[in-house]
Amino acid sequence: MGAASDERYLEYVVLGGSLIPPINFGIVEENLYRSGMPNELNFPFLEKLQLKTIVNLASEEPSQQFLNFVSDHNIDMVNLGGVGLSLSWKSMSEEVVLTAMDTILDTSTYPLLIMCHLGRHQTGTVVGCMRKLQRWNLTAVFEEYRSFAGSKVGESQVTARKLSKN
């Protein structure tokens, strides 16, 4: 990100005084966050989180502005969106979930943001798996998932079957 762009988003914070979180932003645990794909208006908010790692589950390529922000702030980006996921409505592969979980369970990578395109399905699936490891009951896992995904719960139904067998 160039100096002009840096000034633009810092000027926004100074003049507007508002920090805007990315779509479907939520706090999962201390120093562990979830959201949809951030845009330039969200950069000042993300800067305040002092992120060390981002797990990107989106099948879409992040914008160049976002990639510049990540690079300028020395944030490690773990890109899993293209691995085992052909379309956003398809189920995620076990490999993607396990790789994401390996990163998320390593607290040395915190503060960490888990994200996908809208912060709903892929992010919700991974967070749901983490909740199962935390021994949440399946009803609570689904409630959290639905609070971000709304009535679109297709992928979570497949994941729930897998989780309930464990």
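Residues numbered from 1 in each chain as written. Predicted model: local features only at pLDDT ≥ 70, side-chain atom pairs only at ≥ 80, totals over all residues. Heavy atoms only, no water.

K.L.:
Sorry, what's going on with the sheet that holds strand β3 (residues 53-56) here?
P.N.:
The strands making up a sheet associate through hydrogen bonds between their backbones, and the pairing can be parallel or antiparallel. Overall, mixed pairing links the five strands, which are arranged β1-β2-β5-β3-β4 in an open sheet. A strand with exactly one partner marks an edge of an open sheet, and here the two such strands are β1 (26-29) and β4 (76-79). Across this sheet, the average inter-strand angle for adjacent strands is 25°, counted without regard to direction. Strand contacts of helix α3 (residues 64-72): β3, β4 and β5 (112-115), with the helix running at about 135° to β4, the strand carrying the most contacts. (Pairing = 2+ DSSP bridges. Helix = DSSP H or I, 4+ residues; strand = E, 2+ residues; numbered from the N terminus. Axes fitted to C-alpha atoms, helices over the stretch in contact; angles between N-to-C directions. Contact = heavy atoms within 4.5 Å.)

K.L.:
Before we go on, may I ask you to explain the pairing of β1 in this structure?
P.N.:
Inspection of the sheet shows β1 paired to strand β2 (residues 32-35) by three bridges, in the antiparallel sense. Looking at β2, one finds that E29 is bridged to L32. Linking β1 to β2, which pair antiparallel, is a turn of two residues; within it N31 sits at a positive phi near 65°.

K.L.:
So what exactly am I meant to see when it comes to the environment of V141 here?
P.N.:
Following the sequence through the fold, V141 ends up in helix α6 (residues 138-149). On the basis of relative accessibility, which here comes to 8%, the residue V141 falls in the buried class. Spatially, the C-alpha atom of V141 lies 8.6 Å from that of C129, the residues being twelve residues apart in sequence. With near-sequence residues (within four places) excluded, V141 lies in contact with G128, R131, K132 and W136. (Buried < 20%, exposed > 50% of the residue type's maximum accessible area, 1.4 Å probe, protein only.)

K.L.:
Please explain α6 as it appears in this structure.
P.N.:
Residues that lie three or four places apart on an α-helix share one face, since the helix turns once every 3.6 residues. Here α6 spans 16 Å end to end across twelve residues, near enough to the 16 Å set by a 1.5 Å rise per residue. If you check which residues of α6 are buried, you get V141, F142, E144, Y145, F148 and A149. Along α6, the residues classed as buried sweep out an arc of 160° about the axis, all on the same side. Exposed and oriented more than 90 degrees from the buried face of α6 are T139 and S147. Looking at where α6 begins, the residue whose side-chain oxygen comes 3.0 Å from the main-chain nitrogen of T139 is N137. Positive phi shows up at G150, right after α6, with a value of about 70°. (Expected span 1.5 Å × (residues − 1). Arc of directions from axis to C-beta. Polar contact = N/O pair within 3.5 Å; in protein donor to acceptor, adjacent residues only side chain to side chain.)

K.L.:
So what exactly am I meant to see when it comes to the nonpolar core here?
P.N.:
Within soluble globular proteins, side chains that are nonpolar tend to cluster in buried spots. Grouped together as the largest cluster of nonpolar side chains are 19 residues, with contacts concentrated most on L32, L57, A100, I104, L112, I114 and V126. When residues of this core are assigned to their parent elements, the largest contribution, five residues, is made by helix α4 (residues 94-104). Every residue in contact with V126, bar those within four places of it in the chain, is listed here: L57, M92, A100, M101 and I104. With 15 residues, the next largest nonpolar core counts F43, L51, A58 and F69 among its residues. (Core = buried A, V, L, I, M, F, W, Y, C linked by side-chain atoms within 4.5 Å.)

K.L.:
How do you make sense of the pattern of salt bridges when you look at a structure like this?
P.N.:
Where charged atoms from two side chains of opposite charge come close, those side chains can pair. Inspection of every chain in the model, using the stated rule, returns two salt bridges. One salt bridge connects R131 with E29, and the closest N-O pair in it is separated by 2.7 Å. Of this pair, R131 sits in helix α5 (residues 121-133) while E29 sits in strand β1, and the two are 102 residues apart along the sequence. On the basis of relative accessible area, E29 is assigned to the partly exposed category, the value being 33%. Close ionic contact of R131 with E144 constitutes a salt bridge, the shortest N to O distance being 2.9 Å. Pair noted here: R131 is in helix α5 and E144 is in helix α6, with a separation of 13 residues, a long-range link. A single burial state applies to R131 and to E144, both of which are buried. Here the residues in one salt-bridge network are E29, R131 and E144, joined through shared partners. (Salt bridge = Lys/Arg side-chain N within 4 Å of Asp/Glu carboxyl O.)

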